[in-house]
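# Examination of the molecular architecture
For reference, the chains in residue letters:
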Amino acid sequence: MEKIEVEAYTISPYQISYICPNCFSSYKKNGEPTKRATNIVHLHGNSEGTKENHTIIRSSHCSSNPYEVRICITDKTRRIKYKSY
Ligand SMILES: [Zn+2]
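This write-up is about the structure you can find in this document. (Residues numbered from 1 in each chain as written. Predicted model: local features only at pLDDT ≥ 70, side-chain atom pairs only at ≥ 80, totals over all residues.)

In this section: the overall build of the protein chain. Regarding its fold elements, the protein chain presents zero helices and seven strands. Listed N to C, the secondary structure of the protein chain is β-β-β-β-β-β-β in terms of helices and strands. Taken over the C-alpha atoms alone, the protein chain extends approximately 50 × 30 × 20 Å along its principal axes. Taking all 85 residues of the protein chain together, 12% fall into the buried category. Considering only intrachain contacts with a sequence separation of at least 6, the fraction spanning at least 24 residues in the protein chain is 54%. (Helix = DSSP H or I, 4+ residues; strand = E, 2+ residues; numbered from the N terminus. Buried ≥ 20, exposed ≤ 12 C-beta atoms within 10 Å, placed from the backbone. Contact = placed C-beta atoms within 7 Å.)

The next subject is the sheet that holds strand β3 (residues 15–24). Spatially, β4-β3-β2-β7 is the arrangement adopted by the four strands of the open sheet, whose pairing is mixed. Single-partner strands in this sheet number two, and they are β4 (39–45) and β7 (78–79). Of the pairings in the sheet, the one linking strand β2 (residues 10–11) to β7 comprises two bridges and is parallel in character. By the bridge assignment for β7, Ile11 is matched with Arg79. (Pairing = 2+ DSSP bridges.)

Right, here's the structure in full:
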């Protein structure tokens, strides 16, 4: 299985999202992305529930070509729905 590494887009107490480099919002009949297509976001569960920087490894949700994805939660990842303390 192919492996890729991505930076997480958002993290919440329950979910982590990332923008998938392989999946697009619309495709032509021949399977290529259309000109206006944008990369879509996949959601994964945040089983640890933590908002600290870390990396999780999951099977991708890509319909076409599943692969192992390392999702890196970094300083750039947006923290959402976390109460500040
Ligand atoms: Zn995908």
